[in-house]
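Here are the chains, one letter per residue:
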Amino acid sequence: MAEQEQVEEAAPRTPDDALGYEHARDALLEVVRQLENGGTSLEESLALWERGEQLAKVCQRWLDGARARLDAALAAEEGDPGRE
């Protein structure tokens, strides 16, 4: 969990930071769907794209944190002589 906090501290805080991974991912999929369907003005498309970028960053922070936790768990397991 400390790794997730360190990653979050490195980036500016946004309201999206409170989103869980699945919620951010689902919101990102909806943004992509809207952009692919078209029918939006240039301004709306740009706003959607910017929102998608924000959501993608939230997802990436969650994935980076999960990777760090997994790496730490694997390193701890490798360092435990009783686990062999």
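Residues numbered from 1 in each chain as written. Predicted model: local features only at pLDDT ≥ 70, side-chain atom pairs only at ≥ 80, totals over all residues. Heavy atoms only, no water.

A. Structural context of the pattern of salt bridges. All told, the structure shown has three salt bridges when counted by the stated rule. For R33, the salt bridge identified is with E30, shortest N-O distance 2.3 Å. Residue R33 and its partner E30 are located together in helix α2 (residues 21-37), separated by three residues, close to a single helical turn. Linking R67 and D71 is a salt bridge whose minimum nitrogen-to-oxygen distance equals 3.3 Å. Within this pair, R67 and its partner D71 are both found in helix α3 (residues 42-79), separated by four residues, close to a single helical turn. Residue classification places R67 among the partly exposed positions, given a relative accessible area of 46%. (Salt bridge = Lys/Arg side-chain N within 4 Å of Asp/Glu carboxyl O. Helix = DSSP H or I, 4+ residues; strand = E, 2+ residues; numbered from the N terminus. Buried < 20%, exposed > 50% of the residue type's maximum accessible area, 1.4 Å probe, protein only.)

B. Spotlight on the nonpolar core. Formed by L19, A24, V31, L48, L55, V58 and C59, the largest nonpolar core amounts to seven residues. Mapped by element, the contributors of at least two residues to this core are α2 and α3. If you tally residues by element for this core, the top one is α3, at four residues. Residues contacting V31, with those up to four places away along its chain left out, are L48, R51, G52 and L55. (Core = buried A, V, L, I, M, F, W, Y, C linked by side-chain atoms within 4.5 Å. Contact = heavy atoms within 4.5 Å.)

C. Geometry of α3. The end-to-end C-alpha distance of α3, which contains 38 residues, comes to 55 Å, matching closely the 56 Å that a straight helix rising 1.5 Å per residue would cover. Those residues of α3 not exposed but buried are L48, G52, L55, V58, C59, R61 and G65. (Expected span 1.5 Å × (residues − 1).)

D. Structural detail: α2. In this model α2 runs 24 Å from its N-terminal to its C-terminal C-alpha over 17 residues, within 8% of the 24 Å that 1.5 Å per residue would give. A positive backbone phi angle near 70° is found at G38, which sits one or two residues after α2.

E. Representation of the environment of S45 in the model. Among the structural elements, S45 can be located in helix α3. Of the residues examined, S45 reaches a relative accessible area of 21% and is grouped as partly exposed. Along the backbone, S45 and Q34 are 11 residues apart, and their C-alpha atoms lie at a distance of 8.7 Å. Beyond its immediate stretch of four places on either side in the chain, S45 contacts L35 and T40.

In short, shape yes, function no, at least from these values alone.
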